[in-house]
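# Residue-level structural notes
Given next are the chains, with one letter for each unit.
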Amino acid sequence: MRERDTVWLVGLMGAGTGAVGARLAARLGRPFVDTDAEIERRDGASIPALFASEGEAAFRRRERAATDAVAGRPAVVALGGGAIAQPGAAQRLARSGTVVWLRGRPESLLRRLGDAADRPLLAGAAPAERAARLRALLAERARHYATASVVVDTDGLDVEAVTERVIDALSEAGAGEESEAVRTVRVELGPRSYPIRLGWETLEQAGAAVAEATKARRAVVVTVPEVGRRYGARLERGLRGAGLRVRRLLVPDGERSKSLRQAQRLYDGLLDFDADRGTVVVALGGGVVGDLAGFVAATWMRGVPFVQVPTTLLAMADASVGGKVAIDLPRGKNLVGAFHQPRLVWIDLATLRTLPRRQLAAGLAEVIKHGAIRDAALFERLEADVERVLALAPGPALDVLERSCRIKADVVSQDEREGGLRMLLNFGHTLGHAIETLLGYRRLLHGEAVAIGMVFAARRSEALGFAPAGTADRLATLLRRAGLPTELPDFPRRAYLSALRVDKKRQEAHIRFVVLRGIGQAETVPLAPAEILPGLLRRARSRVDR
Ligand SMILES: NC(=O)c1ccc[n+]([C@@H]2O[C@H](COP(=O)([O-])OP(=O)(O)OC[C@H]3O[C@@H](n4cnc5c(N)ncnc54)[C@H](O)[C@@H]3O)[C@@H](O)[C@H]2O)c1
Ligand SMILES: [Zn+2]
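Quantities reported herein were computed from a predicted structural model and do not represent experimental measurements. (Residues numbered from 1 in each chain as written. Chains lettered and ligands numbered in written order. Predicted model: local features only at pLDDT ≥ 70, side-chain atom pairs only at ≥ 80, totals over all residues. Heavy atoms only, no water.)

Side chains of nonpolar character tend, in soluble globular proteins, to be buried together. With 82 residues, the main nonpolar core has I196 and L364 as its most contacted residues. For I196, the contacting residues outside a window of four places in its chain are R183, T184, V185, V187, V321, V345, I347, C405 and A409. (Core = buried A, V, L, I, M, F, W, Y, C linked by side-chain atoms within 4.5 Å. Buried < 20%, exposed > 50% of the residue type's maximum accessible area, 1.4 Å probe, protein only. Contact = heavy atoms within 4.5 Å.)

A few words on the coordination of the zinc ion (ligand 2). Coordination of the zinc ion (ligand 2) by the protein involves E366 (OE), H429 (NE2) and H446 (NE2), with metal-donor separations of 2.0 to 2.1 Å. Judged by its relative accessible area of 26%, H446 falls in the partly exposed class. (Donors = N, O, S within 2.8 Å, 3.2 Å for Na, K, Ca; no water.)

For strand β7 (residues 194-199), the tally of buried residues reaches five of six residues, placing the bulk of the element in the interior. In the sheet, strand β6 (residues 182-187) pairs with β7 via six bridges, with the strands oriented antiparallel. Bridge pairing in β7 links V182 to G199. The antiparallel pairing of β6 with β7 creates a hairpin that spans six residues between the two strands, and G190 there sits at a positive phi of about 55 degrees. Where β7 and strand β14 (residues 344-348) come together, four bridges link them in parallel fashion. Across the sheet, the residue bridging to I196 is V345, located in β14. (Helix = DSSP H or I, 4+ residues; strand = E, 2+ residues; numbered from the N terminus. Pairing = 2+ DSSP bridges.)

This next bit is on the pattern of salt bridges. Counted under the stated rule, the structure contains 42 salt bridges. Residue R183 is joined to D399 by a salt bridge in which the shortest nitrogen-to-oxygen separation is 2.8 Å. With R183 in strand β6 and D399 in helix α16 (residues 394-414), this pair connects stretches of sequence that are 216 residues apart. In this structure R183 comes out as buried when scored by relative accessible area, which is 13%. D410 is the salt-bridge partner of R374, the closest N and O atoms lying 3.0 Å from each other. Here D410 lies in helix α16 and R374 lies in helix α14 (residues 357-374), a separation of 36 residues in the sequence. Classification of R374 as partly exposed rests on a relative accessible area of 32%. One salt-bridge network, held together by shared partners, links R183, R381, D385, R388, D399, E402 and R406. (Salt bridge = Lys/Arg side-chain N within 4 Å of Asp/Glu carboxyl O.)

Following this line, the structure appears as C-alpha cells:
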C-alpha cells in the first residue's frame, strides 16, 4: 500500500466492510468514508428508498460520483456490494488504490446479518431462501471481487481480528510493490543473455529499456491493426522519447500472417525505412507477430536486434522467451525459422485486460504446464488462486507469470537448442498437436489442445507407473477451473495414431513422450505411438467439453 493510495474495501453484505472500514481507518489514522452512508447523507433518503424512487441506474451514478470524490485520497473507503461489479469500476479502483476483498462464506455472512431487516434483497425471505439469494449474488460478483489485490478471509473472525489481518496483508502487499514495480527475470545465455521485465502499465517505459538494450537509433514496430490501435501509440511515444526514429508496420491478424508473403512485405517496409543494422525490430502482439517479426529480424541483413513486447498470455508465458522464431509454409507450421534471441522481453500485464477470456485461459494452459513439469509451488499457487489470476488481480497475476517465466528462462538457459531439457516443455504437446492436426487447426485454440494433451499424458504417466494415482485428476481439476477442456475429441484410435506419426518431434519409430513423475517433475521416455495410445482408447467415449 502506497501512502497516497485509497484503501477500497469490497465484499458482500455481511462481510463487514463498514465496521472493519471504520476500525481500520482509526488504526491507520486515515479518514473513513462509507459510500452508501455518504449517498444517504447527501440525498437525505435511505438506499432502499432511492432504489425504489429512482431505480438502480440513478443509484449507480450517485455511487460513482461518491467513489470518484474520494479516489486517490488516502482514505479507507467501504463500498456498496455491487459497486465493483459496474463496468470499468474494478480497473478504476485498482488504479487509484488498493482493493481489499473481505471474503466470507454465505453461511457466515448470513449469521452476521441477523434478521437482515434493513437489506432489501433479503428482508422478509425465509432463511433457506436468503442463503440461496446470497449464494447467487456471490456467484455473480465473485469474478469482480476476485480482481482485488488483497483478499482477507473473514469466516469466524470478529471485526478486530479481520482488521488485524487486513493491516498485515496491506503491509505485505506494500512491501512487494515499492521494490518491484518492474520485476526482472534473466535468461542466461552468455553473450546472448537478456532480461524479461514484467510489470503493470509499463508500456511507455519500454522505450528507454529498448534503447539501452540495443543501442539502436531506429525502431520498426511490427503489430496487427487491433493491437496497434490500442497499444502502439504508448509504446512508440516511449521509443521516441528515448531518441529513436520509429515506424509502425502492420500485418493482418491471424496465423496466416506467419508467411513468406508477409515477411517479404516487412522486408520492403524495412527497406523503405532505410533500416540498417542499427535498427531494432520490436514485436508488439501475440505469438504470431512475435514469430514473424523475429524471423524477419533474424534474417534482415543477417540479423538485427529484436525486442519482444508480448500482449497475449501465451506469448508472455511461452512464445516471447527462448528465441525460436519461424514462419509457416502451406504444408506445415513453423517449417522455416531460426534461433534468434531477443535483446529484451518487455511484458506489460495491463495489455491482457483487453484479451478475450478464452485466449487468456489458453495462455494459462502453458503456465499450468510450467508448474506441472517443474515447479510444484507454482502449481499450488495456481490451485489457490487461479480465478484471481484469470481476473488479472495485479499481485497474483504478476507473481504467477514471473514464476512461469523463470521456469521457461531456466530451461532455455540450460538447453537453448532443444537438445534435451527443453523437450520437457513439450508436455501435453504430443497429443495436443495430434488433436490440432485432426481438427485442422480449427475449433480449439493451441492452449486448449495442450490442456487435453496434458491430462492425457498425466493419465498415461499414472498407468505406466511413473506418477502416483491422483496426479492427473489434480491437473484436470485445475485446468477445468481455468475453463479449459480436458476430454479427448472423439476420433477413432487409428486417426490419432496417424496424426502422432506425422508429428515432426518423433525420433525414428519412437516419440520422446513427456511423462510426469508427479506434480512438479517430468521426464521424457521413448514410446511407440501404439504405446502412447493403448487399445482401450478406442472405446473411451469422450468429447470436447466446451
Ligand atoms: N516461438 C515460440 O517459442 C512459440 C511458442 C508457442 C507458440 N508460438 C506461436 O505463437 C502463435 C500463437 O500465439 P498467440 O496465441 O498469441 O496468437 P496470436 O498472436 O494470433 O494472438 C491471438 C489473438 O489475440 C489478439 N490479441 C493479441 N494481443 C491482444 C490484446 N492485448 N488484446 C486483445 N487482443 C489481442 C491477436 O490479434 C489475435 O487475434 C502460433 O503461431 C505459435 O506457433 C511460438
Ligand atoms: Zn504450446
